[in-house]
Amino acid sequence: MRRRNWAGNLKFSQSRTESPRSLEELCRVVREAPLVKALGSGHSFSDVANSQGVLILTDNLKQVLDVDPHRGLVRVEAGIKLFELNSLLHQHGLCLPSLGDIDRQSLAGVVSTGTHGTGMAWGSFSDEEVVRGIDLVLANGELLSLSADREGDREALRAARLSLGTLGVIHAITLQAAPAHRLEHRSSVMSLTDALQPKHYLENDHFEFFSFPYSDQVLAIFRNKTDEPLRQRSVARFFNDIVMENWVLESVLRLSSRRPSTIRKLMPLLPRLAGETQYVDHSHRVMIATRSGKFYETEYAFPISLAADALQAHANVCEHHAGSSSDFYPNYPTEVRFTREDRGNMLSPTQGEPSVFVSVHTHPAFGQGYRSFFEDLSREFSALGGRPHWGKLFWENPRKTYEEFPAFLKHREECDPGGKFLNPFFKRLMEENT
């Protein structure tokens, strides 16, 4: 049976699947397979995890191998999903200090693609302050254990933290967790100009906002560490987190897709309906949102000084497509997040300086016109110096924007001289002229 990714836009082309339940089984499968890739939750929109050979399903590799609550170090198998990991950490009085807004991905998936949250004190899941060790099954079936505590592992670990699955199959990851804490969540509607003021992302622990096509109003979200007791305004939170972000949004998009031009009038209404919310909860519950509807996504990281330029480019492409011959109307809120630069890896989109991520979505009901919309965004964002998120859709090859790409290729060749972990996605990256 052909497998699809979470969004449904990609079919995997594997020859067969394997579901190992132990390190020994994993090593055997990798050793015997001519071509192989590992698949976690399939939440990437790109074909980064696709394989024309054996596809290893990691759902059974989710054991907790070691917990050191005093140092905050946790070693777990790489197939564990984030929601499972968050619950486990909470039981030990720990947490991950920064999370994205979805928790269905596998740990190996978020690490291998540089998935991120928002907040200027943190990088991505591939940052050296998060990933302190990786156990990697190489092409010959042998286990390579890398630790940040060993000087001789430093360079190899820089390649392994964000490897796109091309060095080997990750069996386990050692994470640096933080003490569990609570966050206060506040949301409010403001203008785009106001939302881009540096004070918001500099003075708040976790700041992000959602902009809406054809509107200058945004829904801003502020999350800050607090010692206050749990405080939930259940009705308001239910309305915004569940009704607004899922039922109402899903209904609005499906109905408007029948007459796409109506989306221009409907989108500006959504931030007004959202209103303001405020509550206090455990950090992993505050940072994670419920996402029941499917969507397609492209996302780019830019130097933070280019935030306004990137959003203007997005607005220009939206206007170009609205009412164009393709009859495709951009139709989904755009998520904007802020992080510091990543450290300790070679292929992070945020290398070198603090970054803003612009994440553009579209609903499947609006049809295949999104491809040309995303292609135009890819060209405009690349021209601005943006780098794509590896797990999202993109068309422009970003290889030349990575000074350490040749060094990464050298490490990749040493780990996998026969090309067992290569796939069409990475082969396209290796073509310098694409």
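Anything mentioned here points back to the structure above.
Each chain carries its own residue numbering, running from 1 in the written order of its sequence. Reporting of local features is limited, given that this is a predicted model, to residues whose pLDDT is at least 70; pairs of side-chain atoms are given and counted only at 80 or more, and all residues count toward the totals for whole chains, interfaces and linings. The basis for every side-chain value is the complete set of heavy atoms in the structure, and neither hydrogens nor water enter the calculation.

Topic: the side chain of S126
Numbering of helices and strands runs from the N terminus; a helix is a DSSP stretch of H or I covering at least four residues, while a strand is a stretch of E covering at least two. Tracing the chain through its elements places S126 in the loop between α3 (107–113) and β7 (131–137). Classification of residues uses two cut-offs on accessible area relative to the type maximum, computed with a 1.4 Å probe and protein chains only: under 20% is buried, over 50% is exposed, and between them is partly exposed. A relative accessible area of 0% means that S126 is categorised as buried. Contacts described as polar in this section are N or O atom pairs within 3.5 Å, which, within protein, must combine one atom able to donate a hydrogen with one able to accept it, while residues neighboring in sequence count only if both atoms come from side chains. Separated by 3.4 Å, the side chain of S126 and the backbone nitrogen of G114 make a polar contact. With residues near it in sequence (within four places) discarded, S126 still touches V110, V111, G114, V131, R161, L162, D342, R343 and N345. Contact definition: two residues touch when any of their heavy atoms are within 4.5 Å.

With respect to the packing of helix α11 (residues 307–321) against helix α12 (residues 370–383)
Angular values range over 0 to 180 degrees, each being the angle between N-to-C directions of two axes fitted as lines to C-alpha atoms, with helices fitted over their stretch in contact. Across the interface, α11 lies against α12 with an axial gap of 10 Å and an inter-helix angle of 150 degrees. Of the two possible hands of crossing, α11 and α12 adopt the one that is right-handed. In this structure, α11 contributes A310, A313, H314, V317, C318, H320 and H321 to the contact, and α12 contributes S372, F373, D376, L377, E380 and F381. The residue makeup of the contact of α11 with α12, split by class, is seven nonpolar, four polar and two charged. A crossing counts as left-handed when the near helix is turned anticlockwise from the far one by less than a right angle, and as right-handed when that turn is clockwise. Gly is put with the polar residues, along with every residue not named as nonpolar or charged; the nonpolar set is Ala, Val, Leu, Ile, Met, Phe, Trp, Tyr, Cys and Pro, and the charged set is Asp, Glu, Lys and Arg.

What to know about the packing of aromatic side chains
Only Phe, Tyr and Trp rings take part, Trp by its six-membered ring, and two of them pair if their centres are within 6.5 Å. Stacked means planes under 30 degrees apart, edge-to-face means over 60, and tilted covers everything else. Summed over all chains, the structure comprises 21 aromatic pairs. With 5.5 Å between their ring centres and 80 degrees between their planes, Y370 and F374 make a pair best called edge-to-face. Of the two residues, Y370 and F374 both sit in helix α12, four residues apart, roughly one turn of that helix. Note on Y370: relative accessible area 4%, which makes it buried. F374 sits in the buried class, given a relative accessible area of 0%. Judged by centre distance (6.0 Å) and plane angle (15 degrees), the ring pair of F405 and F426 falls under stacked. With F405 in helix α13 (residues 405–415) and F426 in helix α14 (residues 424–430), this pair connects stretches of sequence that are 21 residues apart.

Describing the pairing of strand β17 (residues 355–362)
Counting buried positions along β17 yields eight of eight residues, so the element is predominantly enclosed. Two strands pair when backbone bridges link them, and strand β15 (residues 296–303) and β17 are joined in this way by eight bridges, in the antiparallel orientation. Across the sheet, residue T298 finds its bridge partner in β17, namely V360. When DSSP finds two or more bridges between two strands, those strands count as paired. As paired elements, strand β16 (residues 334–339) and β17 share five bridges and run antiparallel to each other. Across the sheet, residue V336 finds its bridge partner in β17, namely V358.

Topic: α11
With 15 residues, α11 should reach 21 Å at 1.5 Å per residue; the first-to-last C-alpha distance of 21 Å fits that figure. Of the positions making up α11, those classed as buried are A307, A310, L311, A313, H314, V317, C318 and H321. Taken around the axis of α11, the buried residues stretch over an arc of 155 degrees, which confines them to a single face. G323 sits one or two residues past α11 and shows a positive phi near 85 degrees. The length a helix should cover is 1.5 Å for every residue beyond the first. Working definition: the arc comes from the directions between the helix axis and the C-beta atoms, pointing outward to the latter.

Details of helix α2 (residues 82–91)
One turn of the α-helix equals 3.6 residues, which is why residues spaced by three or four share an orientation. Burial in α2 covers these residues: L82, L85, N86, L88 and L89. In a view along the axis of α2, the buried residues occupy a sector of 165 degrees, so they form one face of it. The inward-facing, buried residues of α2 abut β4 (64–68), β5 (73–77), β6 (94–95), α3, β9 (169–176) and α10 (283–287). One or two steps after α2, the chain reaches G93, where phi turns positive at roughly 75 degrees.

Details of the sheet that holds β7
Sheet architecture is open: five strands sit in the order β4-β5-β9-β7-β8, paired in antiparallel fashion. Looking at which strands have only one partner, the edges of the open sheet turn out to be β4 and β8 (143–147). Within the sheet, the average angular offset between the axes of one strand and its neighbour, ignoring direction, is 10 degrees. Pairing geometry for β4 and β5, over four bridges, is antiparallel. Residue pairing for β5: V67 is matched across the bridge by V74. The strands touched by α2 within the sheet are β4, β5 and β9, with β5 carrying the most contacts at an inclination of about 145 degrees.

Some thoughts on the pattern of salt bridges
The rule for a salt bridge is simple: a side-chain nitrogen of Lys or Arg has to be within 4 Å of a carboxyl oxygen of Asp or Glu. Counting across every chain of the model gives 28 salt bridges. Among the ionic pairs, R150 bridges to D153, the shortest N-O distance being 2.7 Å. Because the salt bridges share partners, they merge into one network encompassing D127, E129, R340, E341 and R343.

Some remarks on the side chain of D376
Mapped onto the secondary structure, D376 falls in helix α12. Engagement of the side chain of D376 in a polar contact is seen with the side chain of R379, the distance being 2.2 Å. Among all residues touching D376, those that are not within four sequence positions of it are V317, H320 and H321.

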